[in-house]
Amino acid sequence: QVQLVESGGGLVQAGGSLRLSCAASGRTFYAMGWFRQAPGKERDFVAAISRGRGSTGYTDSVKGRFTISRDNAKNTVYLQMNSLKPEDTAVYYCAASSTVLYGLDPSVYDYWGQGTQVTVSS
């Protein structure tokens, strides 16, 4: 059974840091990524990482503040979030692809976690 289990969300003041984790199980995944959805808005891409070469991509608003990484031995992907801003407040979703090596579009991901809330207070 395939599962993606996120952890690490919470409430933090502006300027603070959080580290999200997503533990995947049940099969081998290629591209892995993080997306977020704020209230009343669509789910947006945040960051992605490939399996082999570890190529990474970020949405412009988080470049220089967020870092995505993965541990293939543990089948886990991380999102280190620094210098958090109130506009980063959202539910963050982990996503994984069983077929695509790397991608920024949600359509390439066929497995999703349940989401973890990140709230940044001003």
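Note: the structure precedes this text.
Every value quoted in this text rests on a predicted model; they were computed, and no experiment measured them.

(A) Broad picture of unusual backbone geometry. A positive phi angle, near 55°, is found at N75, a position not held by glycine. Mapping N75 onto the fold places it in the loop between β7 (66-71) and β8 (76-81). Of the residues examined, N75 reaches a relative accessible area of 15% and is grouped as buried. A positive phi angle is found at S83, which is not glycine, with a value near 50°. Note on placement: S83 falls in the loop between β8 and β9 (90-96).

(B) Quick peek at the packing of aromatic side chains. Tallied over the entire structure, the rule returns five aromatic pairs. Residues F29 and Y111 carry aromatic rings whose centres are separated by 5.5 Å and whose planes lie at 75° to one another, so their mutual orientation is edge-to-face. Remark: Y111 occurs in strand β10 (residues 111-112) and F29 occurs in the loop between β3 (18-25) and β4 (32-37); sequence separation between them is 82 residues. For F29, a relative accessible area of 0% corresponds to the buried category. Judged by relative accessible area, Y111 falls into the partly exposed class, the value being 26%. Ring geometry for F35 and W112: centres 5.0 Å apart, planes at 55°, overall tilted. Of this pair, F35 sits in strand β4 while W112 sits in strand β10, and the two are 77 residues apart along the sequence. A relative accessible area of 0% means that F35 is categorised as buried. By the ring-pair criterion, three or more aromatic residues cluster together here, those being F35, F45, Y109 and W112. The positively charged end of R19 is found above the aromatic ring belonging to Y78, 4.1 Å away from the centroid. Lying over the aromatic face of W112, R43 brings its terminal NZ or CZ to 4.9 Å of the ring centre.

Here is what the cut-offs are and how they apply
Residues numbered from 1 in each chain as written. Predicted model: local features only at pLDDT ≥ 70, side-chain atom pairs only at ≥ 80, totals over all residues. Heavy atoms only, no water. Helix = DSSP H or I, 4+ residues; strand = E, 2+ residues; numbered from the N terminus. Buried < 20%, exposed > 50% of the residue type's maximum accessible area, 1.4 Å probe, protein only. Phe/Tyr/Trp six-rings, centres within 6.5 Å; stacked < 30°, edge-to-face > 60°. Lys NZ or Arg CZ within 6 Å of the ring centre and 35° of its normal.

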